Amino acid sequence: MIGQLIFAVCFAVALFLFNKNAQQIYRNIKLGRPADRSDRSAERWKMMLLVAFGQKKMFKRIFPAVLHLFVYLGFVIINIEMLEIVIDGLFGTHRIFSFLGSFYNFLIGAFEWLALGVLVSCVIFLIRRNIAKVARLNSAELKHWPKTDANIILITEILLMSAFLLMNASDLKLQLYGFAHFKSVGSFPVSHYLLPYLPTSTEALFLIERSCWWFHILGVLAFLNYLPYSKHLHIILAFPNTYFSNLNAKGKLSNMPAVTNEVKAMLDPSFTPPPADANARFGAKDVQDLTWKSLLDAYTCTECGRCTSSCPANITGKLLSPRKIMMDTRDRLTEVGTNIKTNGSFQDDGKSLIDTYISREELWACTSCNACVEQCPVNINPLDIIIELRRFAVMEESQAPASINNMFGNIENNGAPWKYAQLDRANWTQQQ
């Protein structure tokens, strides 16, 4: 009963803390401007099934995709076993689902093979990050905490899977000895290879089995509450993020309603624009000016770097990194959320997303090619954020590079980005 009570308290506290952190993240996302993503529900479900569940975009790079698939399947399927552990912990039972017979044996066997796949994949991921030093996993923005975060998760996964296999191995040996309530159930195709390395004392085996059981469940509960502070929050948010993807053509930019209404009023004197929001900005200066979908993107970012490694600007040595754009947005959003939580409402801290976190040089290095959007495994759109920050710089501050200002002048005077007058545009056809 003491063990059950301790487990119930740990389980309840973990769920309470996770719910508290999840609500804070939800409140932060809701700081963004409205964006309607409720249309075309059938297409959205299909997108989520293909991209989030089916890992469709991951397989543009086969080797890491296969490794990630093992980790993904292991996370989803092995957690079915967590249901049994929770029931056993609350009610003091042991392998409560063993009545399923041969199907239970199949499940345990599948869990073990997946656990081995997760363990091996995480070891390879650690090697790629820290020994092979794959370039996109060792960029400047991944120094310090982001690198530590990734290593913590990988090591935790290795320890949890090792504990799971060791728990099963000691359980199996106790079954063979006919110890207490350890009846002969389950199939252990992987962990039975550990039997020669385990002690023969039933007391020692029972201690190992219980220690691994507690380590596994407490580790999972700790991992659950670590997610809100980690890039691995994408484990949860990838599904809603892909569902709310932009279904329009990637090259189609959104228009600002305020500008659209003004143009309509100029073209049609009978059109009466709706009242303008006095506090609204053209574009975005800070995270509150972005849409909630852009803020959801920021929390969903996996920091995998596929966007940056495919960015033409980054490849040619320019400062822009789409991954850094998403990381900076998330960091600023967390800072703003903490500000509001502390003060009751947002108090100006003298900072903003543009300039404080993201420099003008980064913004204007972007070619708007959508390579980052195309490559992202979970349909994150860094370009939306870049465009909104550019709009603010141009329309609110009148700050743009000289080449952009020259283009604006040419459009105003000549009706085209070039310096030639309209009547002179076809002169090149007369040249010999």
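It should be noted that the structure appears before, not after, this text.
Basis of the calculations
Residues numbered from 1 in each chain as written. Predicted model: local features only at pLDDT ≥ 70, side-chain atom pairs only at ≥ 80, totals over all residues. Heavy atoms only, no water. 1 Å grid on protein atoms, 1.4 Å probe; cavity = no way out; pocket = protein on both sides within 12 Å on 5 of 7 lines; lining within 4 Å. Points joined across faces, edges and corners; volume = space filled by probe spheres on them. Helix = DSSP H or I, 4+ residues; strand = E, 2+ residues; numbered from the N terminus. Buried < 20%, exposed > 50% of the residue type's maximum accessible area, 1.4 Å probe, protein only. Polar contact = N/O pair within 3.5 Å; in protein donor to acceptor, adjacent residues only side chain to side chain. Contact = heavy atoms within 4.5 Å. Phe/Tyr/Trp six-rings, centres within 6.5 Å; stacked < 30°, edge-to-face > 60°. Expected span 1.5 Å × (residues − 1). Salt bridge = Lys/Arg side-chain N within 4 Å of Asp/Glu carboxyl O. Axes fitted to C-alpha atoms, helices over the stretch in contact; angles between N-to-C directions. Left-handed = near helix turned anticlockwise from the far one by under 90°. Nonpolar A, V, L, I, M, F, W, Y, C, P; charged D, E, K, R; others polar. Patch = residues over 30% accessible without salt bridge, like charges linked within 9 Å, V, L, I, M, F, W, Y side chains within 5 Å. Areas by Shrake-Rupley, 256 points an atom, 1.4 Å probe, with all protein chains shown as cover. Disulfide = S-S within 2.5 Å.

What to know about the layout of surface pockets
Link 1 in the chain: There is about 1,300 Å³ of room inside the largest pocket.
Link 2 in the chain: Considering the residues around the largest pocket, the lining is formed by 43 residues, among which Arg33, Pro34, Asn255, Met256 and Pro257 are closest to the centre.
Link 3 in the chain: Quantified by volume, the second largest pocket comes out at close to 730 Å³.
Link 4 in the chain: Lining the second largest pocket are 32 residues, with Met58, His68, His232, His234 and Thr302 positioned closest to its centre.

Topic: the side chain of Arg44
Link 1 in the chain: One can find Arg44 in helix α2 (residues 41-53).
Link 2 in the chain: For Arg44, a relative accessible area of 2% translates into the label buried.
Link 3 in the chain: A distance of 3.1 Å separates a polar atom in the side chain of Arg44 from the backbone oxygen of Tyr243.
Link 4 in the chain: Sequence-distant contacts of Arg44, that is, excluding residues within four places in its chain, are made with Arg37, Ser38, Asp39, Tyr243, Phe244, Ser245 and Leu247.

Thoughts on the environment of Ile404
Link 1 in the chain: Within the secondary structure, Ile404 sits in helix α17 (residues 402-414).
Link 2 in the chain: The exposure class assigned to Ile404 is buried, which follows from its relative accessible area of 19%.
Link 3 in the chain: Residues Ile404 and Trp364 lie 40 residues apart in sequence; the distance between their C-alpha atoms is 9.4 Å.

Observations concerning the packing of aromatic side chains
Link 1 in the chain: For the structure shown, the criterion picks out 11 aromatic pairs.
Link 2 in the chain: Ring geometry for Phe7 and Phe11: centres 5.9 Å apart, planes at 10 degrees, overall stacked. Here the residue Phe7 and the residue Phe11 both occupy positions in helix α1 (residues 2-29), the gap between them amounting to 4 residues, near one helical turn.
Link 3 in the chain: For Phe11, a relative accessible area of 22% puts it in the partly exposed group.
Link 4 in the chain: On the numbers, 5.3 Å between centres and 65 degrees between planes, the contact of Trp45 with Tyr243 is edge-to-face. With a gap of 198 residues between them, Trp45 in helix α2 and Tyr243 in helix α7 (residues 234-243) connect regions that are remote in the sequence.
Link 5 in the chain: In this structure Trp45 comes out as partly exposed when scored by relative accessible area, which is 47%.

Digging into helix α5 (residues 145-177)
Link 1 in the chain: Look at α5: 47 Å from first C-alpha to last across 33 residues, which is about the 48 Å you get at 1.5 Å a residue.
Link 2 in the chain: Following α5 by one or two positions, Gly178 adopts a phi angle in the positive range, close to 70 degrees.

Here's the deal with the side chain of Asn339
Link 1 in the chain: Here Asn339 shows up in helix α12 (residues 322-343).
Link 2 in the chain: Since its relative accessible area comes to 11%, Asn339 is described here as buried.
Link 3 in the chain: If we ignore the near neighbours within four places in the chain, the residues touching Asn339 are Ser345, Phe346, Gln347 and Asp349.

Some remarks on the pattern of salt bridges
Link 1 in the chain: Counted according to the given criterion, the structure contains 20 salt bridges.
Link 2 in the chain: Here Glu43 and Arg40 are joined by a salt bridge, their closest N and O atoms 3.1 Å apart.
Link 3 in the chain: On the basis of relative accessible area, Arg40 is assigned to the partly exposed category, the value being 34%.
Link 4 in the chain: The salt bridge involving Asp355 is made with Arg360; its shortest N-O contact spans 2.8 Å.

A few points about the packing of α7 against helix α9 (residues 292-300)
Link 1 in the chain: Where α7 contacts α9, the axes come no closer than 9 Å and their chain directions differ by 145 degrees. With respect to the hand of their crossing, α7 and α9 are arranged in left-handed fashion. Packed against α7, whose contacting residues are His234, Leu237, Ala238, Pro240 and Asn241, the element α9 presents Lys293, Leu296, Asp297, Tyr299 and Thr300 at the interface.
Link 2 in the chain: Partitioned by chemical class, the residues of the contact of α7 with α9 number 5 nonpolar, 3 polar and 2 charged.

So, a nonpolar patch on the surface
Link 1 in the chain: A contiguous nonpolar surface patch, about 480 Å² in accessible area, is contributed by Leu5, Val9, Val13, Phe16 and Leu17.
Link 2 in the chain: A relative accessible area of 45% places Val9 in the partly exposed class.

What to know about the state of the cysteines
Link 1 in the chain: Counting across every chain of the model gives 0 disulfides.
Link 2 in the chain: Sulfur of Cys366: no disulfide; nearest cysteine sulfur belongs to Cys372 and is 6.4 Å away.
Link 3 in the chain: Classification of Cys366 as buried rests on a relative accessible area of 14%.
Link 4 in the chain: The cysteine Cys376 is free of any disulfide, with Cys304 supplying the nearest cysteine sulfur at 6.2 Å.
Link 5 in the chain: Accessibility expressed as a relative area gives 10% for Cys376, which makes it buried.

Distances and angles like these do not, on their own, reveal function.
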